[in-house]
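The residues making up each chain are set out below.
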Amino acid sequence: MPQAPPGGVKVRLWDGPVRIVHWLLVALIGFSWWASEDHLDWHQWSGYGVVGLLLFRIYWGFAGGEAARFASFVRGPRATLAYLKTVTARTPSTTAGHNPLGALSILALLGLLVVQVITGLFAVDVDAYQGGPLSHLVSFDQGRRLAELHDLSFHGLQALVALHVAAVVFYLVWKRTNLIGPMITGLRWLPVDPGLARAPLWRLALGVALAGAIAWFISKGLRL
């Protein structure tokens, strides 16, 4: 079972916004999948929630606390390859935040979610009876192609989520590193406290307001 490293300290790693967005995305993506067949209205409203959360997470990746910022965990090919050589070692991971491979997973998941929401916003069903709030900006044929891409990209998202879960299990069983607990509590044992800076409250308030306003504007078809 995962253990605290000898002489380690418990560090405040993931802030509240990161954890809340993470678990809300898990819930809404699952709900959207369930509602996609017989409850398209619910599917659409759930999609608006995903839009708002995604907008906020991208904003928080630049304006949030140090651990949440893309600049703190996205690494180049050399660092990623160097980490890859050590990933099978049966020792606990001590990386503060996302490791280089985890960073690629996060970027891929966010990228596919962007594709998901954009295609969903413009998609049209086969009868042209229902469509995304921006479907009036494209032709029926374009809307149908985007609907097909919406379905296809979701399969890619499913594969990435499965890979993400498998990686979490691998770290738990093989490297004795619990990645789930810190995403719930925000706390993690590390050899030393990296002194990660937190974001001021006003940035959080601004991000929530911006993401909510933009998501609402999109849900209205870009009409005031």
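Just so we're clear, the structure is a prediction, and the values are computed from it rather than from any experiment. (Residues numbered from 1 in each chain as written. Predicted model: local features only at pLDDT ≥ 70, side-chain atom pairs only at ≥ 80, totals over all residues. Heavy atoms only, no water.)

*Asks:* Mind showing me how you'd approach the overall build of the protein here?
*Replies:* Looking only at helices and strands, one finds eight helices and two strands in the protein. Starting at the N terminus and walking to the C terminus, you meet the elements of the protein as β-α-α-α-α-α-α-α-β-α. Taken over the C-alpha atoms alone, the protein extends approximately 65 × 40 × 30 Å along its principal axes. Counting all 224 residues of the protein, 35% fall into the buried class. A separation of at least 24 residues holds for 73% of the contacts in the protein among residues at least 6 apart in sequence. Of the charged side chains in the protein, 18 are positive and 11 negative; the average position of the first set lies 20 Å away from that of the second. (Helix = DSSP H or I, 4+ residues; strand = E, 2+ residues; numbered from the N terminus. Buried < 20%, exposed > 50% of the residue type's maximum accessible area, 1.4 Å probe, protein only. Contact = heavy atoms within 4.5 Å. Lys, Arg positive; Asp, Glu negative; His and termini not counted. Charge placed at Lys NZ, Arg CZ, Asp CG, Glu CD.)

*Asks:* Help me understand unusual backbone geometry in this model?
*Replies:* Positive phi, normally seen in glycine, also occurs at R176, with a value near 50°. Structurally, the position occupied by R176 is in the loop between α6 (140-173) and α7 (180-185). Of the residues examined, R176 reaches a relative accessible area of 33% and is grouped as partly exposed. Even without being glycine, L222 reaches a positive phi, approximately 65°. Inspection of the secondary structure assignment puts L222 in the segment after α8 (201-219).

*Asks:* Just checking my understanding: could you explain the side chain of D15 for this structure?
*Replies:* Inspection of the secondary structure puts D15 in the loop between β1 (9-12) and α1 (16-35). No salt bridge is formed by the buried D15; its nearest oppositely charged neighbour, R198, is found at 5.4 Å. In this structure the side chain of D15 is engaged in a polar contact, spanning 3.1 Å, whose partner is the side chain of W60. Excluding anything up to four places from it in sequence, D15 contacts W60, G65, A68 and R198. (Salt bridge = Lys/Arg side-chain N within 4 Å of Asp/Glu carboxyl O. Polar contact = N/O pair within 3.5 Å; in protein donor to acceptor, adjacent residues only side chain to side chain.)

*Asks:* In this structure, what is going on with the environment of P194? I would like to understand it.
*Replies:* With respect to the element layout, P194 can be found in the loop between β2 (187-190) and α8. Taking C-alpha positions, P194 is 8.1 Å from V11, a pair spaced 183 residues apart along the chain. Once you skip the residues sitting within four places of it in the chain, P194 turns out to touch V11 and A96.

*Asks:* Is there a simple way to think about the packing of helix α2 (residues 40-63) against helix α5 (residues 100-122) in this case?
*Replies:* Packed helix pairs are characterised by how far apart their axes lie and by the angle those axes make with each other. It is the contact of α2 with α5, at a shortest axis distance of 10 Å, that shows an interaxial angle of 140°. On the basis of their axis angle, the class for α2 and α5 is oblique. Regarding α2 and α5, the two cross each other, and that crossing is left-handed. Contacts between α2 and α5 involve Y48, V50, V51, L54, R57 and I58 from the former and L110, L113, V114, V117 and L121 from the latter. (Axes fitted to C-alpha atoms, helices over the stretch in contact; angles between N-to-C directions. Parallel < 35°, antiparallel > 145°, perpendicular 65-115°, else oblique. Left-handed = near helix turned anticlockwise from the far one by under 90°.)

*Asks:* Help me out: how do you make sense of the packing of α5 against α6 in this one?
*Replies:* At a minimum axis distance of 8 Å, the contact between α5 and α6 shows a crossing angle of 155°. Relative to α6, α5 is oriented roughly antiparallel. Two packed elements cross with a definite hand, and for α5 against α6 that hand is left-handed. Only G143, L146, L149, H150, S153, F154, G156, L157, L160, V161 and H164 of α6 make contact with α5, whose side of the interface consists of S105, A108, L109, L112, L113, V115, Q116, T119, G120 and F122. Residue composition of the contact of α5 with α6, grouped by class: 12 nonpolar, nine polar and no charged. (Nonpolar A, V, L, I, M, F, W, Y, C, P; charged D, E, K, R; others polar.)

*Asks:* When you look at the environment of A82 in this model, what are you seeing that I'm missing?
*Replies:* Structurally, the position occupied by A82 is in helix α4 (residues 77-84). A sequence separation of 56 residues divides A82 from V26, and the C-alpha atoms of the two residues are 31 Å apart.

*Asks:* Help me understand a nonpolar patch on the surface in this model?
*Replies:* Together, W23, V26, I180 and I184 give the surface a local cluster of nonpolar side chains, amounting to about 360 Å² of exposed area. Elements with a minimum of two residues in the nonpolar patch: α1 and α7. The topology assignment puts I180 in helix α7. On the basis of relative accessibility, which here comes to 39%, the residue I180 falls in the partly exposed class. (Patch = residues over 30% accessible without salt bridge, like charges linked within 9 Å, V, L, I, M, F, W, Y side chains within 5 Å. Areas by Shrake-Rupley, 256 points an atom, 1.4 Å probe, with all protein chains shown as cover.)

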